[in-house]
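# Notes for the structure review
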Amino acid sequence: MVKPYFQVDVPITHRAQPDRRGSYVFTGQADSGREAVRIAREVCDAALAAHAAGLDVPRRRPDGWGARGVRPGWEPDWEAARARLWDTAHGWFTRSRTRGVPPVRRLPGP
């Protein structure tokens, strides 16, 4: 069974200049929005740890998840992360037409 593709939008704030804000966007396959946010956090943490250790940031995983664009010095707000279904895995930032998909909030963990 093929899992649906999700897009996870995570607000970020620059640690040294809190007035600078942006977002990370992660995409890949997951069983649910909650799982999508968990995986996005996992790949983000792995990318930041690799960078801190002086290693290459891991490439995209077979399920489509990766975090090549994360940058040190920016703090993700995982409690405000929102997961949405994609209409297609071939359209970049194409959001689902299903408006009833609620955001995923307040996941347990560090």
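Going by the structure above, here's the rest.
Below: a short report on this structure. Bear in mind the structure is a predicted one, so any value in this text is a computation, not a measurement. (Residues numbered from 1 in each chain as written. Predicted model: local features only at pLDDT ≥ 70, side-chain atom pairs only at ≥ 80, totals over all residues. Heavy atoms only, no water.)

### With respect to the overall build of the protein chain
A tally of helices and strands in the protein chain yields 1 helix and 4 strands. Scanning the protein chain from its N terminus toward the C terminus, one meets helices and strands in the order β-β-α-β-β. Looking at the protein chain as a whole, 37% of its 110 residues qualify as buried. (Helix = DSSP H or I, 4+ residues; strand = E, 2+ residues; numbered from the N terminus. Buried < 20%, exposed > 50% of the residue type's maximum accessible area, 1.4 Å probe, protein only.)

### Considering the pattern of salt bridges
Applying the stated criterion to the full structure yields 6 salt bridges. A salt bridge links Arg15 to Glu75; the shortest N-O distance between them is 2.9 Å. Here the residue Arg15 occupies a position in the loop between strand 1 (5–14) and strand 2 (21–29), and Glu75 occupies one in strand 3 (residues 74–76), the gap between them amounting to 60 residues. For Glu35, the salt bridge goes to Arg38, with nearest N and O atoms at 3.5 Å. Linking Glu35 with Arg38, this pair stays in helix 1 (residues 33–52), spanning 3 residues, or about one helical turn. By relative accessible area, which is 17% here, Glu35 ends up buried. (Salt bridge = Lys/Arg side-chain N within 4 Å of Asp/Glu carboxyl O.)

### Observations regarding the environment of Asp45
Here Asp45 is to be found in helix 1. With 25 residues separating them along the chain, Asp45 and Val70 place their C-alpha atoms 9.4 Å apart.

### Quick word on the packing of aromatic side chains
Applying the stated criterion across every chain, the model contains 2 aromatic pairs. Relative to Phe26, the ring of Tyr24 has its centre 5.9 Å away and its plane inclined at 70 degrees; by these criteria the two rings are edge-to-face. Each member of the pair Tyr24 and Phe26 is classed as buried. Taken together, the ring pairs in this structure connect Tyr24, Phe26 and Trp78 into an aromatic cluster. (Phe/Tyr/Trp six-rings, centres within 6.5 Å; stacked < 30°, edge-to-face > 60°.)

### Focus: the side chain of Gln29
Within the secondary structure, Gln29 sits in strand 2. Overall, the relative accessible area of 18% leaves Gln29 in the buried class. Apart from the residues lying within four places of it in its own chain, the contact partners of Gln29 are Val2, Lys3, Pro4, Tyr5, Ile39, Asp63 and Trp65. (Contact = heavy atoms within 4.5 Å.)

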